[in-house]
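# Analysis of the macromolecular model
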Amino acid sequence: MIRGILRVLITTVVSIVLVTGAFAGGYAVSARVFPPAPPPDGGAPSDWKPYFPVFWEAWRYVHQDFYKTPIDDSKLVYGSVSGMVDALNDPYSHFTDPATAKITGTELQGSFEGIGATVEMVEGRLTIVAPIKDSPADKAGLLPGDIVLKVNETIIQNMDVNQAVALIRGPKGSTVTLQIQRIKQPAPFTVSIVRDTIRTPFVESRMIEGTNIAYLRLNEFGTTAPDEMNTALGQLLAQHPTGLIFDLRRDGGGLLDVSIDVASEFLKGGQTVLIEKQKDGTVQQLKTHDGGLATDIPMVLLIDGGSASASEIVSAALKDYKRATLIGTKTFGKGSVQFVNTLSDQSELRVTTAHFFSPKGNEINGVGVSPDIEVKVTDDDLANKRDPQLDRAIQFLTTGQ
Amino acid sequence: MRAVLRFMILVLLAMLVTFASFGAGFGLNYYLVQTQPPTQIPKNFPIFWEAFGIIKDQFYGTIPNAQALTHGAIRGMLDGLGDPHTVLIEPEPAKKEQTNLKGNTGDVGLNLDVRDGLLTIVAPVPNSPADKAGLRAGDIIIKIGDKDLTLQPITVQEATNLLRGPVGSQITLIIHRIGETQPITAEMTRETYALPTVDARVLPGTTLGYIKISLETAETANEFAKELDNLKSQGVTGLVLDLRNNPGGLFPDPVLDIAGQFLKNNDVVVIEKDRNGTEKPYNAGSRRGATDLPVVVLVNNGTASAAEILAGALKDYKRAVLIGEPTYGKGSVQSVRPLSDGSALHITVATWLTPKHTEIEGAGLQPDIAVPLTDDDISKSVDPQLNRAIDYLKKGA
């Protein structure tokens, strides 16, 4: 009896050991033959290796769990690149996917298809700075200060300004519907605008009425701006003005090379316009070329908080050489250079590659260029269409102080 | 001879069992490996390293470490899904979330959501600092203290962390309100405040009961049952259920129980639909307190999540008339996946449908009778939505 129980017991124990052992053995052999695939890193550099697997972990969970299918992987990849670039915490470095790049790419060429209004993000709200004269936006009655709430059905608040602009732009002849909030109007209204080819004049020039003072304005440091400037300056100087007002207010910059050309019109050849410092410590001095048309005429430069980047290069140089008297308010303070890389799939990567400094070595980034004579524009001035900065410039050139 | 045979059979059997076990173990691993999602690199992924190579060569500033860049990449990848509720919580905030829960932490009382990339107020908690400061459902927060939300998107979890702080400390918010041309500044002092539970009474001059509930505590179902009995004992002839500015809270309880109070059977209250299209119904609880009492449910754009489930079920079964404004439209389910580096992934895994298959996420629910509440009403302390409800219950139309 006892022997029987013992036998059953031994048999059971032996069976359990056998089964468990064999199972574990089978699993182990199988794990050698079919190892779990390591998370792919897709070519991660070695310093990324300890950190990057968590990306694929997240990727995998998203593909396992996310409620909406199918998932557009290429969109996720573009999002990933964008997120990495955003993590640099530099507002000027930016990734643009191929589709968006195609729309925004022609910006500095002087013409594009859209509605023809300059815009900026103010506290997360897309605000019309100014409709370009005779553009569809102008004809539709958009006013400076109008806030765009929706483009077609998309709410654009807090959106990246390039993305918002990409939504507004589109082929000539197509229609875009904007929901607009206008100051002092209780409810937003909707306006439909037919897009057209917009040619942005980079330069505006005239003689100021009742004076012998020439006025020259640069809207953007675009590709054809140097030629336009040269022509306009030639025409102005032919009228023998006694003074020149050069207006860079609200000029957000543009191409770095153009800033050298522009500065060269006012400075003698061979003078340093800016000092560019790269990440590896390389220092480059960019100098004016000869043949400037307006190197002697008494000159006032108008600047404000909207004068940025290339505008600040020219402002800082003219200030350092005391070539012009700067009137207005402090400039924006964007003293960095971006290089736009086109990647192999036609997406665009804009990277901050250098900071620039004035000829005297003053940092511009985060600092800006201060005017010699500060003149502010009040809300009251705007409402009454007064321009005290321009008035002060005329006074300065007329009286010498 | 017999013994030998027996022994042989035994050995054979043992061998068979051993083989079978080996096979089972072998097969299990094979299954586990094969059912992993494909580990192939997405087709255009090389762009990622191409971009990083350029940044490494060219970028003027200090490049954050690989971990920070990886987190950035994950955040960006999740943005690509276009779902505001699928987010990454990094290890640091996850920890801070924990410490904030302990000790003398105050809050301002805002239920938040990210909508179209904007941090939006779902509803202020009644009598909280935010409520007293005049913040409203639908307001968009553009600045919390020094943090400018227009520069970088923010998750609800990050925002909640920023809003919390020591009791008595100050926090300033800048708000954008649709229709206002200027941003609004709201200064608040952080407090600890009690979550409201159930507010029930007989409306003066009527025989109608009024109940306002919070769905944020587990006790609500019992308290609701108690108040309902109490109102019935006072002989009410109709009921106003106020779900305005109710951000929801717990799911599936107490919503299922409260819904059941009004329904005749254990009907489906809400359906959870996952990525495979599988529908999981949730049925009403068993208490049947008010199956015949006429009911009006008050809703507005602060009615969200579990509160929308309740309103949607009562609407679909024509058990209540919805009066007020369209609801918020927050009806998805998130699950949390801890990641190996201590961060956590909140992923939207399912969406809620009302019994008649109306999706709650997005557009929200439409009221049967639309009654807006204007600024003028608020300043005069009149409540046209409640008045319309009383009117409806008195006249039946």
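The structure displayed is predicted, hence computed values, not measured ones. (Residues numbered from 1 in each chain as written. Chains lettered and ligands numbered in written order. Predicted model: local features only at pLDDT ≥ 70, side-chain atom pairs only at ≥ 80, totals over all residues. Heavy atoms only, no water.)

Each helix and strand counted, chain A has eleven helices and 19 strands in total. Taken against the 2.2 N^0.38 rule, which gives 21 Å for 401 residues, the C-alpha radius of gyration of chain A at 31 Å runs more than 25% over that of a compact globule. Looking at chain A as a whole, 47% of its 401 residues qualify as buried. Nonlocal contacts in chain A, meaning residues at least 24 apart in sequence, comprise 64% of its contacts between residues at least 6 apart. Of the side chains in chain A, 37 bear a positive and 46 a negative charge, and the two mean positions are spaced by 5 Å. (Helix = DSSP H or I, 4+ residues; strand = E, 2+ residues; numbered from the N terminus. Rg over C-alpha atoms; globule rule 2.2 N^0.38 Å. Buried < 20%, exposed > 50% of the residue type's maximum accessible area, 1.4 Å probe, protein only. Contact = heavy atoms within 4.5 Å. Lys, Arg positive; Asp, Glu negative; His and termini not counted. Charge placed at Lys NZ, Arg CZ, Asp CG, Glu CD.)

Enumeration according to the criterion identifies 22 salt bridges over all chains in this entry. Between Asp146(A) and Arg182(A) there is a salt bridge, and its shortest N-O distance comes to 2.8 Å. Of this pair, Asp146(A) sits in the loop between α5 (136-139) and β5 (147-151) while Arg182(A) is found in the loop between β7 (175-181) and β8 (189-194), placing the two residues 36 residues apart along the sequence. Among the ionic pairs, Lys395(B) bridges to Asp391(B), the shortest N-O distance being 3.4 Å. (Salt bridge = Lys/Arg side-chain N within 4 Å of Asp/Glu carboxyl O.)

Running from N to C, helix α3 (residues 73-86) of chain A and helix α3 (residues 66-79) of chain B cross one another at 140°; their axes reach a closest spacing of 6 Å. Taken as axis vectors, α3(A) and α3(B) run oblique relative to one another. The crossing of α3(A) and α3(B) is right-handed. Facing Leu76(A), Gly79(A), Ser80(A), Gly83(A) and Met84(A) of α3(A), the residues of α3(B) in contact are Leu69(B), Gly72(B), Ala73(B), Gly76(B) and Met77(B). (Axes fitted to C-alpha atoms, helices over the stretch in contact; angles between N-to-C directions. Parallel < 35°, antiparallel > 145°, perpendicular 65-115°, else oblique. Left-handed = near helix turned anticlockwise from the far one by under 90°.)

With 93% of its residues at a pLDDT of 70 or more, chain B shows a mean pLDDT of 87. This complex was scored by the predictor with a pTM of 0.71 and an ipTM of 0.73. (pLDDT = per-residue confidence, 0-100.)

All names here are of chain A. In the contact formed by helix α2 (residues 53-65) and α3, the axes pass within 13 Å of each other and the chain directions differ by 145°. As α2 runs across α3, the sense of the crossing is right-handed. Here α2 contributes Phe 55, Trp 59, Val 62 and His 63 to the contact with α3, which in turn contributes Asp 73, Leu 76, Val 77 and Ser 80.

On to the packing of aromatic side chains, then. In this description, a pair of aromatic rings is defined by centroid distance and the angle of the planes. Per the stated rule, a full pass over the model turns up 26 aromatic pairs over all chains. With 5.6 Å between their ring centres and 40° between their planes, Phe52(A) and Phe48(B) make a pair best called tilted. Taken together, the positions of Phe52(A) in the loop between α1 (2-33) and α2 and Phe48(B) in helix α2 (residues 46-58) put the pair across two chains. The exposure class assigned to Phe52(A) is buried, which follows from its relative accessible area of 1%. The class for Phe48(B) is buried, based on a relative accessible area of 0%. Consider the rings of Trp56(A) and Phe45(B), whose centres lie 4.9 Å apart with planes at 55°: the pair is tilted. (Phe/Tyr/Trp six-rings, centres within 6.5 Å; stacked < 30°, edge-to-face > 60°.)

Here we come to the interface of chain B and chain A. Residue-level contacts link 78 residues of chain B with 88 residues of chain A. The largest share of the area that chain B buries against chain A comes from Trp49(B), Tyr60(B) and Arg275(B), three residues that together contribute 11% of it. Counting across the interface, chain B meets chain A through one salt bridge. Where chain B meets chain A, there are 13 residue pairs in polar contact (both at pLDDT 80 or more). Elements supplying a minimum of two residues to the side of chain B that touches chain A: α1 (2-34), α2, α3, β17 (332-338) and β18 (344-353) of chain B. Take the side of chain B that touches chain A: its biggest share by element is 14 residues, from α1(B). Of the residues contributing to the side of chain B that touches chain A, the split by class is 43 nonpolar, 25 polar and ten charged. (Buried area = accessible area lost by both parts, 1.4 Å probe. Polar contact = N/O pair within 3.5 Å; in protein donor to acceptor, adjacent residues only side chain to side chain. Nonpolar A, V, L, I, M, F, W, Y, C, P; charged D, E, K, R; others polar.)

Together, Leu6(A), Ile10(A), Val14(A), Leu18(A), Val19(A), Leu5(B), Ile9(B), Leu13(B) and Val17(B) make up a nonpolar patch on the protein surface, roughly 740 Å² of accessible area in all. Mapped onto the nonpolar patch, the elements with two or more residues apiece are α1 of chain A together with α1 of chain B. When residues in the nonpolar patch are grouped by element, the largest group, five residues, is from α1(A). You can see Leu6(A) is positioned in helix α1. (Patch = residues over 30% accessible without salt bridge, like charges linked within 9 Å, V, L, I, M, F, W, Y side chains within 5 Å. Areas by Shrake-Rupley, 256 points an atom, 1.4 Å probe, with all protein chains shown as cover.)

Further remarks concern unusual backbone geometry. Of note, the amide linkage connecting Thr69(A) to Pro70(A) takes the cis form, showing an omega dihedral of -5°. Relative to the elements of secondary structure, Pro70(A) occurs in the loop between α2 and α3. Look at the link from Phe251(B) to Pro252(B): it is a cis peptide, with omega at 5°. Relative to the assigned elements, Pro252(B) resides in the loop between β12 (238-242) and α8 (255-262). One non-glycine residue, His240(A), lies in the positive phi region at around 50°. Within the secondary structure, His240(A) sits in the loop between α7 (225-237) and β12 (243-247).

The next thing to look at is the sheet that holds strand β16 (residues 325-328) of chain A. All names here are of chain A. Read from one edge to the other, the open sheet built from six strands follows the order β10-β11-β12-β15-β16-β19, with strand pairing classed as mixed. In this open sheet, the two edge strands, each paired with only one partner strand, are β10 (203-207) and β19 (373-374). Of the strand pairs in this sheet, strand β11 (residues 213-218) and β12 are connected by five bridges, and their pairing is parallel. Paired with Tyr 215 across the two strands is Ile 245, which belongs to β12. Lying over the sheet, helix α11 (residues 388-399) contacts β11, β12, β15 (299-303), β16 and β19, oriented at roughly 165° with respect to β15. (Pairing = 2+ DSSP bridges.)

So, about the confidence of the model for chain A. Averaged over all residues, the pLDDT of chain A is 87; the fraction at 70 or higher stands at 95%. Scored below 50 in pLDDT, residues 106-110 of chain A makes 15 contacts in the model with residues more than four places away or belonging to other chains.

To continue, consider the sheet that holds strand β11 (residues 208-213) of chain B. All names here are of chain B. Here six strands make up an open sheet; going across it, the order is β10-β11-β12-β15-β16-β19 and the pairing mixed. Each edge of the open sheet is held by one strand with a lone partner, namely β10 (198-202) and β19 (369-370). Across the sheet, helix α9 (residues 306-316) touches β11, β12, β15 (295-299) and β16 (321-324), and the angle it forms with β15 is around 140°. In the packing of helix α11 (residues 384-395) onto the sheet, contacts are made with β11, β12, β15, β16 and β19, and the angle to β15 comes to roughly 165°.

Our focus in this paragraph is the nonpolar core. Counting residues in each nonpolar core, the largest one holds 86 residues, and the members touching the most others are Trp48(A), Met84(A), Ile213(B), Leu241(B) and Val297(B). When residues no more than four places from it in sequence are discounted, the contact partners of Met84(A) are Trp48(A), Phe48(B), Ala51(B), Phe52(B), Ile55(B), Leu69(B), Gly72(B) and Ala73(B). By size, the runner-up hydrophobic cluster in this structure holds 42 residues, among which are Leu233(A), Ile260(A), Val273(A) and Val369(A). (Core = buried A, V, L, I, M, F, W, Y, C linked by side-chain atoms within 4.5 Å.)

Another point: the pairing of strand β8 (residues 170-176) of chain B. All names here are of chain B. Counting buried positions along β8 gives five out of seven residues, so the element sits mostly inside the fold. Pairing geometry for strand β5 (residues 140-144) and β8, over four bridges, is antiparallel. Paired with Lys 143 across the strands is Ile 174, a residue of β8. Here β8 runs beside strand β9 (residues 184-189); their pairing, made up of six bridges, is antiparallel. In the sheet register, Leu 173 faces β9, and the bridge partner there is Ala 186.

An α-helical turn contains 3.6 residues, so any two residues separated by three or four positions project in the same direction. Within helix α8 (residues 256-264) of chain A, seven of the nine residues are buried, which leaves the element mostly enclosed by the surrounding structure. All buried positions along α8(A) are accounted for by Leu256(A), Val258(A), Ser259(A), Ile260(A), Val262(A), Ala263(A) and Ser264(A).

All names here are of chain A. Relative to the helices and strands, Gly 400 resides in the segment after α11. A residue is classified by how much of its surface remains accessible, and Gly 400, at 55% relative accessible area, is exposed. Residues Gly 400 and Pro 298, spaced 102 residues apart in sequence, show a C-alpha to C-alpha distance of 9.2 Å.

Residues and elements named next belong to chain B. In this structure, strand β13 (residues 268-274) lies alongside strand β14 (residues 279-283), joined through five bridges in antiparallel fashion. Looking at the pairing, Ile 271 lines up with Pro 281 of β14. In this structure, the hairpin formed by β13 and β14 is closed by a connection of four residues, where Gly 277 is found at a positive phi of approximately 85°.

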